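Residue-level structure breakdown
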Amino acid sequence: MEKKLPPILEIRGLQISFKQYEKGFSQTELEVIRDLDVCVPAGEIVAVVGSSGSGKSLLAHAVLGILPYNASVKGEILYDGEALTEKRVKRLRGDEIVLVPQSTAYLDPLMKTGVQIRKGKKDAASKERLHQIFREYELKQEVEEQYPFELSGGMTRRIMNATALMGHPRLVIADEPTPGLHISVTRRAMEHFRELADMGAGVLLITHDLELAVETADRIAVFYAGSTLEEVPALAFQSCDTLHHPYSRALWNAMPKHGFQPIPGTQPYAREMPQGCPFGPRCPKYTQECSEKIPWRQTGDGRVRCIHAEEAQ
Amino acid sequence: MILQAKNVSFQYKENAPLVLQNISFEVKEGERVGLRGKSGIGKTTLCRLLAGYEKPHSGEVLLDGRPVTEYRGYCPVQMVWQHPEQAVNPRRRMYTVLEEGDGIPQEMTAKLGIEEAWKQRFPAELSGGELQRFCIARALGKRTRILLADEISTMLDLITQSQIWTFLLEEAKRRNLGMVVVSHSDDLLDRICTRIVEIG
């Protein structure tokens, strides 16, 4: 692997807030992402793992500049070492930067799937590529001529994955690409992402599926209620002892093969966010100091945002 | 109670390909049956038939020997859907979702981790996992005997997933409910089900 090239995507201290109307004309700012750091080097798959409602999809939308009008973004988003401005992202998205969207509602309902994946291109090479992708995803040729409403949940998912493979992307942002997919197709999709990474692209995999992330990603960033809590190589998730944040450990313990042990409580709502560590209210190690700003701390190959991390070792 | 599908075939419209072909399946009270199969094979369709939302093209779906579509009033077979955001009315507050159920006691919502304040919110103000808790509560009314769970936890993080399943398992055992569990996760099915059926 080459070293010291700037990472394809680097995000530092990302904050996203929404302007909302309360009663009448009074407005409030609802901060949804508070402090997000993630870095995607060329040739690697980086997974952002977090629970539903933690703001993962907003991360993808912020990079692509497709947040709704009432959102405001602070922090740095660097692409190839340079700031990703609105103008720049408009030029790059759909071509160098592609999104595999989460919701099955992102397909055009009035367009047959084949044309949609080819983005309207009619040349023989695109058609051949499409056939190849369909074969690899175990989709029948007829599906090309069907409309999105005629497809099952898993088929729609495969179609959306296929759109990313048509071009030659340098950055793939996959937002929950696999729920509802059969395990063999999931593997296939992940192999495709790996192939893209091997060709030098960076892949940002946004998912709640920890097992999938552990299996396919190179690095994992654990994300909770709008903040990154821990960043480690995927291998660290092989054992509970190499994880440092209490939330990462709770996730590990909740995997069906590791005891399926839940912890009580739910993620705080953006409006009732605690000060300091967002996991504080559910954390067994919570102390007074946790309600202040928590700095990053190096832990061997990764870093963690927890002041009690040493005790956890 | 016993719910049976006997040689059912189904197509969504005439001349369309058959989604299900000669499928037989049964689930009894107290049993938790895992349903496994590739995507697009018709698992959700089978659940819809079992719940009586669709009539089979041929064959029959019987609940205690009577076609399930003939039941009037509260149906003892209830289904929880894969996408909770599509299973609630976006313009009504969440407490109305619970009112649609059959006498949902306050203890149940508490056990599911539903906070009182959420009941006053609209669906768009809750995350998928929070919505799904409401949908599960709604399906577990007093007269529910068999619960169909169609990929109810794929979109949830592991902690929420295990919270919900721990609750459901306890509830199913306590009330001797029958369950059909659709999932792609073998680990999950192994942990929850009393037997597993492969379709397709």
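Summarised in this report is the structure supplied together with it. (Residues numbered from 1 in each chain as written. Chains lettered and ligands numbered in written order. Predicted model: local features only at pLDDT ≥ 70, side-chain atom pairs only at ≥ 80, totals over all residues. Heavy atoms only, no water.)

**Looking at the interface of chain B and chain A**
Short version of the rule: Contact between two residues is taken to exist if any of their heavy atoms lie within 4.5 Å; hydrogens are not considered. Here the quantity called buried area is the accessible surface, traced with a 1.4 Å probe, that two parts lose on coming together, added over both. The salt bridge definition used is simple: a Lys or Arg side-chain nitrogen within 4 Å of an Asp or Glu carboxyl oxygen. N or O atoms closer than or at 3.5 Å make up a polar contact, with two conditions inside protein: a donor-capable atom paired with an acceptor-capable one, and, for residues adjacent in sequence, both atoms drawn from side chains. The numbering of helices and of strands both runs from the N terminus, where a helix is a DSSP run of H or I of at least 4 residues and a strand a run of E of at least 2. Amino acids outside the nonpolar list (Ala, Val, Leu, Ile, Met, Phe, Trp, Tyr, Cys, Pro) and the charged list (Asp, Glu, Lys, Arg) are all regarded as polar, and Gly is one of them.
Listed by partner, the interface residues are 32 residues for chain B and 36 residues for chain A. Taken together, the two surfaces of chain B and chain A that pack against each other cover about 2700 Å², and 56% of this comes from carbon and sulfur. If you sort the residues of chain B by the area they bury against chain A, Leu158(B), Ile159(B) and Arg191(B) come out on top, with a joint share of 24%. Among the ionic pairs, Glu150(A) bridges to Lys13(B), the shortest N-O distance being 3.8 Å. Applying the counting rule to chain B against chain A returns 4 residue pairs in polar contact (both at pLDDT 80 or more). Those elements giving two or more residues to the side of chain B that touches chain A turn out to be helix 4 (128-139), helix 5 (158-175) and helix 6 (186-192) of chain B. Here the side of chain B that touches chain A takes 7 residues from helix 5 of chain B, the largest share from any one element. Taken together, the residues that form the side of chain B that touches chain A break down as 7 nonpolar, 14 polar and 11 charged.

**Some remarks on unusual backbone geometry**
Let me state the cut-off plainly: Accessible area is worked out with a 1.4 Å probe on protein chains only. A residue is then buried under 20% of its type maximum, exposed over 50%, and partly exposed in between.
Despite not being glycine, Ala225(A) shows a phi value in the positive range, around 45°. Locating Ala225(A) in the fold gives a position in the loop between strand 9 (219-224) and strand 10 (227-233). Under the relative-accessibility criterion, Ala225(A) is labelled buried at 4%. Positive phi values are uncommon outside glycine, yet Asn176(B) reaches one of about 55°.

**Here's the deal with the sheet that holds strand 7 (residues 146-150) of chain B**
Residues and elements named next belong to chain B. The test is simple: Paired strands, in this sense, are two strands between which DSSP finds at least two bridges. Helix axes use the C-alpha atoms of the stretch in contact, all axes being lines fitted to C-alpha atoms, and the angles between their N-to-C directions lie in the range 0 to 180 degrees.
In spatial order, the strands read 6-7-8-3-9; together these 5 strands make up an open sheet with parallel pairing. Whereas interior strands pair on both sides, the edge strands pair on one side only; in this sheet they are strand 6 (77-80) and strand 9 (195-198). On average, each strand axis in the sheet is tilted by 20° relative to the strand beside it, whichever way the strands run. On the sheet, helix 5 packs against strand 3 (32-36), strand 7 and strand 8 (178-182) and is oriented at approximately 150° with respect to strand 8.

**As for helix 4 of chain B**
Residue and element names in this part refer to chain B. Put simply, the rule is: Helix span is expected to be 1.5 Å times the residue number reduced by one.
End to end, helix 4 covers 16 Å across 12 residues, agreeing with the expected 16 Å (1.5 Å per residue, within 8%). The buried count for helix 4 comes to 11 of 12 residues, which makes it a mostly enclosed element. Of the residues making up helix 4, those classed as buried are Gly129, Glu130, Leu131, Gln132, Arg133, Phe134, Cys135, Ile136, Ala137, Arg138 and Ala139. In the core, the buried residues of helix 4 are packed alongside strand 6, helix 2 (94-100), helix 3 (106-111), strand 7 and helix 5.

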